Amino acid sequence: MEAGLAGIIRNTPVVTRLWIFLVIGTTTLTKLGFIDHLDLYFNYGLIFRRYQFWRLFTCFFYIAPFGVNFLFQVILLYMTSRRLEEGSYPGRSGDFMFVIMIAGILNLALAPFFKVFFLGIPLSFTLGYLWARRFPMVQMSIYGVLRFRAKYLPWVRVALSFLMGFSAYPDFMGIVSGHILFFFLDCLPELVGKNILKTPDFFRRIFGQLPENQGFDPIFQEINPNDEQENQVEIENENENENENEIVEEEIVL
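Computed from a prediction, not measured in an experiment: that's the story for all the values here.

Things to note about the UniProt feature "transmembrane region" (unreviewed entry) in the protein
Using the residue numbers shown here, the UniProt feature "transmembrane region" (unreviewed entry) corresponds to residues 18-35, 56-78, 98-131 and 152-169. Helix makes up 61% of residues 56-78 and strand 0%, whereas the separation of the span's terminal C-alpha atoms amounts to 22 Å.

Here it is in structure tokens:
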């Protein structure tokens, strides 16, 4: 079992691994009594009147006390973050971390309206919504019983929250922030021809990623127009990936 766990940790993308570590570590510290979870939640008054600025970050790391809900949310967080990091940002940890930061800011802005003060679940939901919009045709199933395409994943998660007796407010908040994020990342650049949420170069360097237009970028690699054979291979690989998106089926273990 240790070898299996070590393999999972080793194969988990770096940002997802860091996020899961912070969530489990924070919950463990609260369980052991080193931290009070009431010192972690998001509260504008405590942040800006009493200068407890750490709450801007810690509210994302505490999801729930150890139990069924915690296990349920951590599994969803792991699967959501890993899918998005591997599917949209392979080898681009800086870009993915910047997207998480923007998603976090959106959730901080929406929190007072939804009266949600621990923002780990909405943030996970935001990224899950983004992945579902980018890979809508992926076939998914829950224990082989409930089968659906990825575009319905946010609403399936809402239904699961209801069935398990959890509040759906964080889920709906994540859908709203996810829709806003999807618009600015994927829709607006096509409309105006410019990405206004471009990752700063210094942010890429922090995570060991080369600045844009420097070195090899696995996503935006410049293709030599004189090499027709290489172009053909690239097109064929893209077509194969699109076909895989339509037929691949993932098992969600809950």
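Okay, back to it.
Here we look at the pattern of salt bridges
Following the criterion strictly, the structure yields six salt bridges and no others. Residues Asp201 and Arg204 are paired through a salt bridge, measuring 3.5 Å at the closest nitrogen-oxygen approach. Remark: Arg204 and Asp201 occur in helix H10 (residues 201-206); sequence separation between them is three residues, near one turn of the helix. In this structure Arg204 comes out as buried when scored by relative accessible area, which is 7%. Because the salt bridges share partners, they merge into one network encompassing Arg92, Asp95, Asp201 and Arg204.

Brief notes about helix H6 (residues 93-114)
Taking 1.5 Å of rise per residue, the 22 residues of H6 would be expected to cover 32 Å, and the 30 Å separating its terminal C-alpha atoms lies within 8% of that figure. Along its length, H6 reaches its greatest deviation from straightness, about 30 degrees, at Leu108, and the proline Pro112 lies no more than four positions downstream. Of the residues trailing H6, Lys115 is marked for its positive phi of about 55 degrees.

Thoughts on unusual backbone geometry
Most peptide bonds take the trans configuration, and most residues that are not glycine carry a negative phi. The phi dihedral of Tyr51 is positive, around 60 degrees, even though this residue is not glycine. The residue Tyr51 is located in the loop between helix H3 (44-48) and helix H4 (55-58) in this model. Owing to a relative accessible area of 57%, Tyr51 belongs among the exposed residues under this scheme.

A closer look at a nonpolar patch on the surface
Taken together, the side chains of Tyr44, Phe48, Tyr51 and Phe53 define a hydrophobic patch exposed on the protein surface, amounting to about 450 Å² of accessible area. Along the chain, Phe53 turns up in the loop between H3 and H4.

Overview of the environment of Asn69
Here Asn69 lies in helix H5 (residues 68-88). C-alpha separation for the pair Asn69 and Gly165, spaced 96 residues apart in sequence, amounts to 9.6 Å. With residues up to four places along the chain from it excluded, the contact list for Asn69 reads Ala64 and Phe166.

Things to note about the packing of aromatic side chains
Taken as a whole, this structure holds 14 aromatic pairs when the rule is applied. Relative to Phe117, the ring of Tyr41 has its centre 6.5 Å away and its plane inclined at 75 degrees; by these criteria the two rings are edge-to-face. In this pair, Tyr41 is assigned in the loop between helix H2 (14-31) and H3 and Phe117 in the loop between H6 and helix H7 (120-134), connecting sequence segments 76 residues apart. Over the face of the ring belonging to Trp131 we find Arg83, whose NZ or CZ atom lies 4.8 Å from the ring centre.

Regarding the confidence of the model for the protein
The predicted coordinates ought not to be read in detail in places where the model reports low pLDDT. Residue-level pLDDT values for the protein average 81, and 80% of them are 70 or greater. Of the regions scoring below 50 in pLDDT, residues 213-233 engages in 13 contacts with residues more than four places distant in sequence or in other chains. Contacts of residues 242-254 to residues separated by more than four positions or lying in other chains number 38 contacts, the stretch itself having pLDDT below 50.

Some details on the side chain of Ser177
Residue position: Ser177 is located in helix H9 (residues 169-192). Owing to a relative accessible area of 0%, Ser177 belongs among the buried residues under this scheme. Within polar-contact distance, the side chain of Ser177 engages the side chain of Thr126 at 2.5 Å. Reaching out from Ser177, the side chain makes a polar contact with the backbone oxygen of Gly174 at a distance of 3.1 Å.

Digging into H7
Taking 1.5 Å of rise per residue, the 15 residues of H7 would be expected to cover 21 Å, and the 22 Å separating its terminal C-alpha atoms lies within 8% of that figure. In terms of burial, H7 is largely enclosed, as 13 of its 15 residues are buried.

Observations regarding the packing of H5 against H7
Where H5 meets H7, the closest approach of the two axes is 9 Å, and the angle between their N-to-C directions is 40 degrees. One element, H5, and the other, H7, form an angle in the oblique class. The crossing of H5 and H7 is left-handed. Facing H5, whose interface residues are Gln73, Leu76, Leu77, Thr80, Arg83, Leu84 and Ser88, H7 presents Ile121, Ser124, Leu127, Gly128, Leu130, Trp131 and Arg134. A breakdown of the residues in the contact of H5 with H7 according to their chemical character gives seven nonpolar, five polar and two charged.

What counts, and at which threshold
Residues numbered from 1 in each chain as written. Predicted model: local features only at pLDDT ≥ 70, side-chain atom pairs only at ≥ 80, totals over all residues. Heavy atoms only, no water. UniProt positions renumbered as here; feature names shortened; annotations may be inferred. Helix = DSSP H or I, 4+ residues; strand = E, 2+ residues; numbered from the N terminus. Salt bridge = Lys/Arg side-chain N within 4 Å of Asp/Glu carboxyl O. Buried < 20%, exposed > 50% of the residue type's maximum accessible area, 1.4 Å probe, protein only. Expected span 1.5 Å × (residues − 1). Bend = angle between axes of the 7 residues up to and from the residue. Patch = residues over 30% accessible without salt bridge, like charges linked within 9 Å, V, L, I, M, F, W, Y side chains within 5 Å. Areas by Shrake-Rupley, 256 points an atom, 1.4 Å probe, with all protein chains shown as cover. Contact = heavy atoms within 4.5 Å. Phe/Tyr/Trp six-rings, centres within 6.5 Å; stacked < 30°, edge-to-face > 60°. Lys NZ or Arg CZ within 6 Å of the ring centre and 35° of its normal. pLDDT = per-residue confidence, 0-100. Polar contact = N/O pair within 3.5 Å; in protein donor to acceptor, adjacent residues only side chain to side chain. Axes fitted to C-alpha atoms, helices over the stretch in contact; angles between N-to-C directions. Parallel < 35°, antiparallel > 145°, perpendicular 65-115°, else oblique. Left-handed = near helix turned anticlockwise from the far one by under 90°. Nonpolar A, V, L, I, M, F, W, Y, C, P; charged D, E, K, R; others polar.

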